[in-house]
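# Residue-level structure breakdown
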Amino acid sequence: MAKDPRETPMMRQYLEAKAAQPGAVVLMRMGDFYEAFFEDAQELSRVCGVALTSRNKDGPDPVPMAGVPHHSLKTHLPRLLAAGRRVAVVDQLEDPAQAKGLVRRGLTRVITAGTLIDEDALDGVAANWLVALTSIDPGPGQPVGIAALDVSTGRFQVEDAATTQALALALARLAPAEILLPDQLRQADGIRERLAAVLAPVALPPLAGLAAFAWKPADARRWLGERLAVAALDGFGIGRDDDHLAAAAAACLRYAESSLSGAAVAEAGADGPRAGLGHVRRIIRLHADEHLVLDASCRRNLDLVRNRENQREGTLLAAIDRTRTAPGARLLADWLVRPLARTAPITARHDAVERLLDDPVRTAVRAALGSVYDLERLLARIATGRAHARDLVHLGNSLVAAATVASALPADGLPALLVEVANRLHPADDLCAEIRRILVDDPPLATGEGGMVRDGIDPELDGFRTLKRDAGAWLADYEKTEAAAIGLPRLKVGCNSVFGYYIELTRAQAERVPAHWVRKQTLVNAERYITPALKEYEDRALHADERARAKELAIFHDLRARCEDRLVAIQLCAQALALIDVAAAFAEVARSEGWCRPVIDESAALAITAGRHPVVERVVGRSRFVANDTLLDAQADGAAVAPGRLAMITGPNMAGKSTYIRQVALIAVLAQAGAFVPAAEARIGLIDRIFTRVGAGDELARGQSTFMVEMAETAAILNHASRRSLVILDEVGRGTSTFDGVSLAWAITEHLHDRIGCRTLFATHYHELTDLAADRSGIRNLTVEVAEQDDDVAFLHRIVPGAATKSYGIHVARLAGVPRRVLSRAREVLATLETLNVGLTEQERPQTRAGNAPVQLTLFAPAPSPALDRLKTTDLDQLSPRQAHDLLYELQALARRE
Ligand code: ADP
């Protein structure tokens, strides 16, 4: 009878691991491969494109099997994670050559998208957030606790969300790699759909659950206190009333540590990774009101750090990133999506950038930054026992570079932020010297092979090395004497891992073998021998080598432990380096692109002279880009020459309207992020939030109609914008009929201007809307200049006061390559329509009475009135006094409802 393939000892090992990690893809090390079986094999094959084979192929019950070579696990992991899977890695815990029977295997790591530590699987310039949420339904007095941990850098932060909108904002900003929920919530019906709705348009990452006990506030506080070695969490900004924050933080860190905890098993081998995340030492509490709020659609519409394909190309980040280090690039992205909302910290950043405009200082700082490694991620590897000698050498070199940065900064006249940076750039000079003294410049990646430590560091190690070297001389000598003894010109001693040292002779030579040689192995054409003297040598040489390697490992571990002792100081140094990297990058871009320092104040103004769009300018070329001014003021109402707070920009397609309104938003983002801005001059009264409603994106792909999305975004603006907000609207109402569109756009403009009073830029080609400016001093009409000559039209991209008179749609169609025949027909139709004056009729148009009389803004004929209708259709003569009395009441009720 055929044997059940599941019943082999090896498969039992596999199935046990699988049962212990439900939901994870289990990859088991077998020889040089990581293998998966059953459905996991199918998945591995599908996701990673490796061949699907089967074990026990010819039996009645073959087992699907697929594998990846062990050295390419790192390239396959990201694919599995991107497919939303967790991966459990089962390794061989003993050397198969030494194993008696079945090799012992055990779980060494559970890898999830949110707990990645190994650099290969990580995006170098983006944070990788594991986000824990206590719930997804904030209620009155019950805010959601949000904890975010980037295991790869040790950054750990908490914040709360009192409303669903605040939760959506936080999640959009973090763009989590994985979300952790209490088990019960994780298993609730429809949880994926509900979370996806909160996250949209950010894609839903993999979800994980953690048992309820880990979220209990009292336990959470106690556990965190012990884990972070503090008596209370107040020092991290988590106060007595912040149970939800403590719960989220504890769950987050626990989950991350437990996913690495399998690694403890591997620690049997002295150099294995450790489970604890020693580099996570503190929690940072974020407060929403300290930052300029940018929601997900705004971030996307403005292409801040990711474009619509989730890539970096064509974004503001890509256009201005002059950082020299990966932590600098990550911090820059963080600053762009989370600009500041208070003048003092913004000014502090501007001061730092201004100081670094100084060419020699900036050049020296940036040159030194060029030799700084990704210190944050290096520290994570050190703290989790994953660092090898080369990492420590990189650490040493980075610390030398940090000292060079410090010496590039002048001692006097530094702004506060740079003083703070300078104070952190010498975290461990002594340690740095030690690393360079002890380790060779370019040690091997493997820590067990030796070759890491310099000569002359440790007498014992030197002793073993001498022994080994002397042994080498002995061997050469031995070869010579034995060759002479048996009368051969040359004789070679070989070595392999199974037989150790041996002398090899050809069959023909073998006749001369002396009696004290012992035959060890017979090959096709050769014989291998050992001798007592050679055996003795082998013991000595191998022994010395082994002891030398063990000694080197001990020296390395000691050095690594000393690095760990200084972890916090080095972390602060790493953050300081990232900060000065960003400030110097801002200065660099300001210098090379001719940007100016913006003035940030408490006013409600937005005054930009010769502003430019940093991304479009790169595309069309600096000399061809037309700079434009902007002047809005939300407080100057009633002043003699009020600049207005709402600009209505009309003009043909392709004239540059979108570019203009986005450039204003980007300048505001840059200014509040602490950067200089692409303009000759800029003054910005603090903005609390930027709203955008621009163009039709790729929402259709998500199954929502464009118009629905447009209105949802508009609703968010109308409900949440404050007087301090900046609103950017592009073509609102385009997704519906012209009448609907104009009326909605009209009413939205009125609301923004009359009720909210925020600074607004509205680009539209509904010319009707320009009438709104007639009786509202806060609304200004702007248009884009067009040069017309004969039949030719040139868009000058210059924004000027006034309203557009023509659409030039046919002209744009011609530029786009619409066939000549269609164009001339379109011209005919247009001419007919113009003579007939089709479009909004006079009655339907918003009316302006003749002369200077106040404008009447009824867009349509008077709205239908149920009360009047009722009155008109009632025959009064037929009513009794009683009925007349009732009718009166009814009419009043109807009238009140209107
Ligand atoms: P609209 O919103 O009016 O349809 P866009 O803002 O999309 O027009 O601009 C269309 C194109 O015109 C841009 O892709 C760019 O190439 C060019 N453009 C826009 N603004 C400028 C400018 N200020 N200077 C030079 N070229 C510009």
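Because the structure is a prediction, the values reported are computed rather than measured.

A few words now on the overall build of the protein. When you go through the protein residue by residue, the secondary structure sums to 29 helices and 27 strands. Among the 898 residues that make up the protein, the fraction classed as buried is 49%. Across the protein, contacts joining residues at least 24 apart in sequence account for 68% of those joining residues at least 6 apart. Accessible surface for the protein amounts to roughly 41500 Å². Of this, 53% is attributable to carbon and sulfur atoms.

What follows concerns the packing of aromatic side chains. Evaluated as defined, the whole model comprises 6 aromatic pairs. Relative to tyrosine 478, the ring of tryptophan 474 has its centre 4.9 Å away and its plane inclined at 10 degrees; by these criteria the two rings are stacked. Placement of both tryptophan 474 and tyrosine 478 in helix α19 (residues 459–486) is noted, with a separation of 4 residues, approximately one turn of the helix. The exposure class of tryptophan 474 is partly exposed, given its relative accessible area of 26%. Across the ring face of tyrosine 34, the terminal group of arginine 29 is positioned such that the distance to the ring centre comes to 5.5 Å. One cation-aromatic arrangement involves arginine 349 over tryptophan 335; the distance from NZ or CZ to the ring centre is 3.5 Å.

So, about the nonpolar core. With 124 residues, the main nonpolar core has Ile320, Leu356, Val365 and Ile690 as its most contacted residues. Counting residues per element, this core draws most heavily on helix α21 (residues 567–593), which supplies 16 residues. Discounting residues that sit within four places of it in the chain, isoleucine 690 has contacts with Leu292, Val293, Leu294, Cys298, Ala665, Ala668, Val669 and Leu726. With 34 residues, the next largest nonpolar core counts Leu130, Ala147, Leu210 and Ala250 among its residues.

Assignment of secondary structure puts glycine 239 in the loop between α7 (217–228) and α8 (243–259). Residues glycine 239 and leucine 228, 11 residues apart in the sequence, show an inter-C-alpha distance of 16 Å. The contact partners of glycine 239, leaving out residues within four places of it in the chain, are Arg221 and Asp234.

Bringing unusual backbone geometry into the picture now. A positive phi angle is found at alanine 610, which is not glycine, with a value near 50 degrees. Its place among the elements puts alanine 610 in strand β19 (residues 605–611). In this structure, glutamate 731 takes a positive phi of about 60 degrees despite not being glycine. Residue classification places glutamate 731 among the buried positions, given a relative accessible area of 8%.

Here we take up the site of the ligand. In the vicinity of the ligand, 14 residues are found, and the nearest of them are Val626, Met654, Lys657, Ser658 and Thr659. Separating an oxygen atom of the ligand from a backbone N or O atom of methionine 654 is a distance of 2.6 Å. A distance of 2.9 Å separates an oxygen atom of the ligand from a polar atom in the backbone of lysine 657. Its free accessible area being 560 Å², the ligand has 78% of it covered by the protein chains. When contributions to the shell around the ligand are tallied by element, the ones reaching two or more residues are α22 (614–620) and α23 (657–673). Per element, the largest residue contribution to the shell around the ligand is 3 residues, and it comes from α23. For the shell around the ligand, the class distribution of residues is 7 nonpolar, 5 polar and 2 charged.

This next bit is on α7. When the terminal C-alpha atoms of α7 are compared, their 16 Å separation across 12 residues agrees well with the 16 Å that a helix rising 1.5 Å per residue should span. Restricting attention to buried positions, one finds in α7 the residues Ala220, Trp223, Leu224, Gly225 and Leu228. Looking at the buried positions of α7, the neighbouring elements they touch are α8. Note on α7: the residue one or two positions beyond its end, alanine 229, has a positive phi of about 55 degrees.

For the rest of this paragraph, the subject is the sheet that holds strand β4 (residues 63–69). Hydrogen bonds between backbone groups are what pair the strands of a sheet, and the pairing can be parallel or antiparallel. In spatial order, the strands read β3-β4-β2-β1-β5-β6; together these 6 strands make up an open sheet with mixed pairing. Where the open sheet ends on each side, the last strands, each with one partner, are β3 (53–55) and β6 (105–111). Across the sheet, the axes of successive neighbouring strands diverge by a mean angle of 35 degrees, strand direction being ignored. The pairing of β3 with β4 spans 3 bridges and is classified as antiparallel. Opposite arginine 55, over in β4, you have valine 63 as the bridge partner. Contacts between helix α3 (residues 73–82) and the sheet are confined to β1 (24–30), β2 (33–37), β4, β5 (86–92) and β6, with β4 contributing the most and set at about 125 degrees to the helix.

Let us look at the pattern of salt bridges. Counted by the stated rule, this structure contains 49 salt bridges. What you see here is one network of salt bridges that share partners, running through Asp359, Arg362, Arg366, Glu588 and Arg591.

Our next topic: helix α15 (residues 375–383). Counting buried residues in α15 gives 9 out of 9 residues, a clear majority hidden from the surface. When α15 is considered as a whole, its buried residues turn out to be Leu375, Glu376, Arg377, Leu378, Leu379, Ala380, Arg381, Ile382 and Ala383. In the core, the buried residues of α15 are packed alongside β8 (144–150), α12 (326–337), α16 (389–408), α20 (532–565) and α21. Glycine 385 sits one or two residues past α15 and shows a positive phi near 70 degrees.

The 4 strands are arranged β18-β22-β19-β20 in an open sheet whose pairing can be described as mixed. One side of each edge strand has no neighbouring strand; the edge strands of this open sheet are β18 (599–601) and β20 (628–633). Along the sheet, successive strands turn relative to each other by an average axial angle of 15 degrees, direction set aside. One ladder, built from 5 bridges, connects β19 with β20; its direction is antiparallel. Counted as the bridge partner of alanine 607 is leucine 631 from β20.

For the rest of this paragraph, the subject is the confidence of the model for the protein. Mean pLDDT over the protein works out to 85, with 92% of the residues at or above the 70 mark. Here residues 263–272 is modelled with pLDDT under 50, and outside its nearest four sequence neighbours on either side it reaches 17 contacts, counting other chains as well. This model gives residues 697–701 a pLDDT under 50, and the stretch forms 9 contacts once residues within four places in sequence are excluded.

A separate point is the side chain of arginine 612. Tracing the backbone through its elements, the reader meets arginine 612 in the loop between β19 and α22. A distance of 3.3 Å separates the side chain of arginine 612 from the backbone oxygen of glutamate 593, its partner in a polar contact. Here glycine 594 takes part through its backbone oxygen, which lies 3.1 Å from a polar atom of the side chain of arginine 612.

What follows covers the pairing of β19. Pairing between β19 and strand β22 (residues 681–685): 4 bridges, direction antiparallel. Within β22, the residue paired with alanine 607 across the bridge is arginine 683.

Attention shifts here to the environment of alanine 249. One can find alanine 249 in helix α8. Distance from alanine 249 to glutamine 663, taken between C-alpha atoms, is 38 Å for residues 414 residues apart in sequence. Ignoring anything within four residues of it in the chain, the contact list for alanine 249 reads Ala147, Phe156, Val158, Leu224 and Ile283.

Here we take up the packing of α16 against α21. Direction vectors running N to C along α16 and α21 enclose 55 degrees, while the axes themselves pass 11 Å from each other. Classed by the angle they form, the pair α16 and α21 counts as oblique. Pair α16 / α21 crosses with left-handed handedness. Together, Leu395, Leu399, Ala402 and Val405 of α16 and Ile570, Cys573, Leu577 and Ile580 of α21 make up the contact between the two elements. Of the residues belonging to the contact of α16 with α21, the class tally is 8 nonpolar, no polar and no charged.

Rules of the game
- Residues numbered from 1 in each chain as written.
- Predicted model: local features only at pLDDT ≥ 70, side-chain atom pairs only at ≥ 80, totals over all residues.
- Heavy atoms only, no water.
- Helix = DSSP H or I, 4+ residues; strand = E, 2+ residues; numbered from the N terminus.
- Buried < 20%, exposed > 50% of the residue type's maximum accessible area, 1.4 Å probe, protein only.
- Contact = heavy atoms within 4.5 Å.
- Areas by Shrake-Rupley, 256 points an atom, 1.4 Å probe, with all protein chains shown as cover.
- Phe/Tyr/Trp six-rings, centres within 6.5 Å; stacked < 30°, edge-to-face > 60°.
- Lys NZ or Arg CZ within 6 Å of the ring centre and 35° of its normal.
- Core = buried A, V, L, I, M, F, W, Y, C linked by side-chain atoms within 4.5 Å.
- Near = heavy atom within 4 Å.
- Polar contact = N/O pair within 3.5 Å; in protein donor to acceptor, adjacent residues only side chain to side chain.
- Nonpolar A, V, L, I, M, F, W, Y, C, P; charged D, E, K, R; others polar.
- Expected span 1.5 Å × (residues − 1).
- Pairing = 2+ DSSP bridges.
- Axes fitted to C-alpha atoms, helices over the stretch in contact; angles between N-to-C directions.
- Salt bridge = Lys/Arg side-chain N within 4 Å of Asp/Glu carboxyl O.
- pLDDT = per-residue confidence, 0-100.
- Parallel < 35°, antiparallel > 145°, perpendicular 65-115°, else oblique.
- Left-handed = near helix turned anticlockwise from the far one by under 90°.

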